[in-house]
Amino acid sequence: MPKDFKMFKFLFIFFLFFTFAKADIKGAGATFVYKAVKELTIDYKDKFGKKVDFTPIGSSGGIKELKRGDVNFAISEIKGNCENCEFSQFAKGNVAVIYNVKDVKHLNLNGKILAEIYLGKIEFWDDEKIKILNQDENLPHEKINIFHRYDGSGTTLAFSEFLSANDKKFAEILGSGFALNFKVGIGKKGSYIIAQSVRDTPFSIGYTGESYAVNLKSANLVVNDEILTIENKKYPITNKSYFVYKKDGEKLDEILKFIEFIRENGEVLDKYYLSF
């Protein structure tokens, strides 16, 4: 390996370490809430001159880093499984079922159809079960390209709970949880990457936080014969996240100050999420 490349690699790693290390407090966790957290950390630094670093690595990853002591706080949809930790309500939002099918503007799906898609039982967009709910749409005979999360994700938990509640086979085969062993589709890490993958892949479907579904098409969900858009208060797939920190952890005063700042600036969360 050339000496110049070795030196460049060393300096790059040193730069990343120094940049991250000089943060006043460090956090990691849910990708679901990253847009709001990013905006809040910028506003916090502008007001107090304090730097908060947050790495969106997924709920499970955030809790693991907090337990190891690598970060001062986590934001996670996982409540529990963290000894001597405080869980403070952070945000609640809808999970969007996003799709990319040209000329299909108003796609209607229900929990059973979604379950059968994610089990591989429904393979094509013009399957009779989908056509029954979409008689005004011209559904193509194209294979459904499926995207799902492979990392530990509260978004997957909320999505899989809905599917399990609507399909016994899904509940038996995959069940519900933060990380599932999907038999079909392509796994991606993070809400943003799921949204990007669906956007870039024709005839695809995926699930992501509502804030990442902007400029993408979101399916309506049919529940008890009622068509629910993602804006409807009765929309059935929602996700809750929590601000998590050690009760006896380092920089506790700074963490509590940041939480108080979040509470005082609720309009930032309101732009992206629902009231808790």
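Residues numbered from 1 in each chain as written. Predicted model: local features only at pLDDT ≥ 70, side-chain atom pairs only at ≥ 80, totals over all residues. Heavy atoms only, no water.

(A) Broad picture of the sheet that holds strand β10 (residues 220-223). Spatial strand order, β5-β10-β11: three strands in an open sheet with mixed pairing. Bordering the open sheet on either side are β5 (108-109) and β11 (226-228), each of which pairs with just one other strand. Sheet topology places β5 next to β10; two bridges connect them, and they run parallel. Bridging from a neighbouring strand, Asn108 pairs with Asn220 of β10. (Pairing = 2+ DSSP bridges. Helix = DSSP H or I, 4+ residues; strand = E, 2+ residues; numbered from the N terminus.)

(B) View of the pairing of strand β4 (residues 85-100). Buried residues dominate β4, accounting for twelve of its 16 residues. By the bridge criterion, nine bridges tie β4 to strand β12 (residues 238-246) in an arrangement that is antiparallel. The partner of Phe87 across the bridge, within β12, is Val244. In the sheet, β4 pairs with strand β8 (residues 204-209) via six bridges, with the strands oriented antiparallel. Of the residues in β8, the one forming a bridge with Tyr99 is Ile205. (Buried < 20%, exposed > 50% of the residue type's maximum accessible area, 1.4 Å probe, protein only.)

(C) Region of interest: the packing of helix α2 (residues 34-48) against helix α9 (residues 252-264). Between α2 and α9, whose axes approach to 11 Å, the crossing angle comes to 110°. Compared by their axis directions, α2 and α9 come out roughly perpendicular. Here Leu40, Thr41, Asp43, Tyr44, Lys47 and Phe48 of α2 come into contact with α9, specifically with Glu254, Lys257, Phe258, Phe261 and Ile262. (Axes fitted to C-alpha atoms, helices over the stretch in contact; angles between N-to-C directions. Parallel < 35°, antiparallel > 145°, perpendicular 65-115°, else oblique. Contact = heavy atoms within 4.5 Å.)

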